[in-house]
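Here's the letter readout for the chains.
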Amino acid sequence: MAQQLQFAYADRFSGAGIIAGVPYGCAEGDVSLALGRCMGKEDAELPVDGFRVALAALASEDRVADASHLADDRVWAFHGTLDAAVGEKATAAAVALYEGVLPPGQQRYVNDVPAAHLFPTETAGGACDQAAAPWLGACGYDAAGEMLSFLYPGLTTPADADRAPVAEGEIRELVLPDVTGSGLAETALAWLPAACPPEGCRLHLALHGCAMSTTQNGRAFVEDAGYLPWARANGIVLLFPQVESQAVNPLGCWDWWGYTGSEYLTREAPQMKVLVRWIDRFTAQ
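Since this is a predicted model, take the numbers as computed values, not measurements.

### Examining helix H8 (residues 227-234)
So, point 1. Taking burial as the measure, the eight residues of H8 include seven buried ones, the bulk of the element.
So, point 2. Among the residues of H8, those classed as buried are Tyr 227, Leu 228, Pro 229, Trp 230, Ala 231, Arg 232 and Asn 234.
So, point 3. Positioned one or two residues after H8, Gly 235 has a phi angle of 65°, which is positive.

Laid out in structure tokens, this is it:
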């Protein structure tokens, strides 16, 4: 979903962090493709060139942003070596979509950490080699910090005080505008700094993984994934929207295969429209 947002709204977002992701357009609106080739479960290689052609066609129709807006973006991607849910070639294909668009120094692909299908942290969560709730793994690897420090060069490393437990009321509840038909929860969570640095606050949209929403795992992802210390140390606004589980999406995943309708990849995608409207209203305050 991070890559979908970046491609559809490349004129609005400055980069993307991708953990065990699959390439834009991989499912083609077909859940069988989503569960098969997009999970890297088939022997054939993923048709990256075909994905590029489809993306270019959408851009020519102004249904996604023109690729020229990606030229100054940064991308950080991760795939654990013990990930048995999403094949490495799927995430590698997502990374390959940036070839010829981003200079090599503006993208980083980490695929040498022995982690299962989860969000790696320094110490929070369960065993790093076990993909289980709350889907955080104590891997001795700060994925959130590595991601943020690459996407936003020059960040200050968190001090011990920045790593303190979350205080009551520190995480705020916000209302998303008009979520009808999007599959998103009306209430999202946010961390807001008391004051912004002189150059202004960065805003980072943190998207949970499947089965990682607050209704499924409480605030584990929000409070323990590792984003907060870096936000505290650098005045970064963190926004945590939430997907609701439903019959067509029992695991509460972001829509990357079309359960919200045929426009799920474009600027008219129900979920992406909600998020962009929310960011617009939020930043206008």
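### Details of the sheet that holds strand S1 (residues 15-19)
To summarise the sheet geometry, strands pair through backbone hydrogen bonds and adopt either a parallel or an antiparallel arrangement.
So, point 1. The sheet built from three strands is open, its strands ordered S1-S2-S3 with parallel pairing. The sheet terminates laterally at S1 and strand S3 (107-110), the two strands that pair on one side only. Strand-to-strand twist in this sheet, taken as the mean axis angle between neighbours without regard to direction, amounts to 5°.
So, point 2. Across four bridges, the pairing between strand S2 (residues 74-78) and S3 is parallel. The residue of S3 that forms the bridge with Val 75 is Gln 107.
So, point 3. Lying over the sheet, helix H4 (residues 88-96) contacts S2 and S3, oriented at roughly 175° with respect to S3.
So, point 4. Each of S1, S2 and S3 is contacted by helix H5 (residues 143-151), which is oriented at about 160° to S2, the strand it contacts most.

### Some remarks on the sheet that holds strand S5 (residues 126-127)
So, point 1. In space, the three strands of this open sheet follow the order S4-S6-S5, with parallel pairing throughout. Strands with a single pairing partner mark the edges of an open sheet, and in this sheet they are strand S4 (119-121) and S5.
So, point 2. With three bridges joining them, S4 and strand S6 (residues 136-138) adopt parallel strand pairing. Residue pairing for S6: Pro 120 is matched across the bridge by Gly 137.

Conventions we followed
- Residues numbered from 1 in each chain as written.
- Predicted model: local features only at pLDDT ≥ 70, side-chain atom pairs only at ≥ 80, totals over all residues.
- Heavy atoms only, no water.
- Buried < 20%, exposed > 50% of the residue type's maximum accessible area, 1.4 Å probe, protein only.
- Helix = DSSP H or I, 4+ residues; strand = E, 2+ residues; numbered from the N terminus.
- Pairing = 2+ DSSP bridges.
- Axes fitted to C-alpha atoms, helices over the stretch in contact; angles between N-to-C directions.
- Contact = heavy atoms within 4.5 Å.

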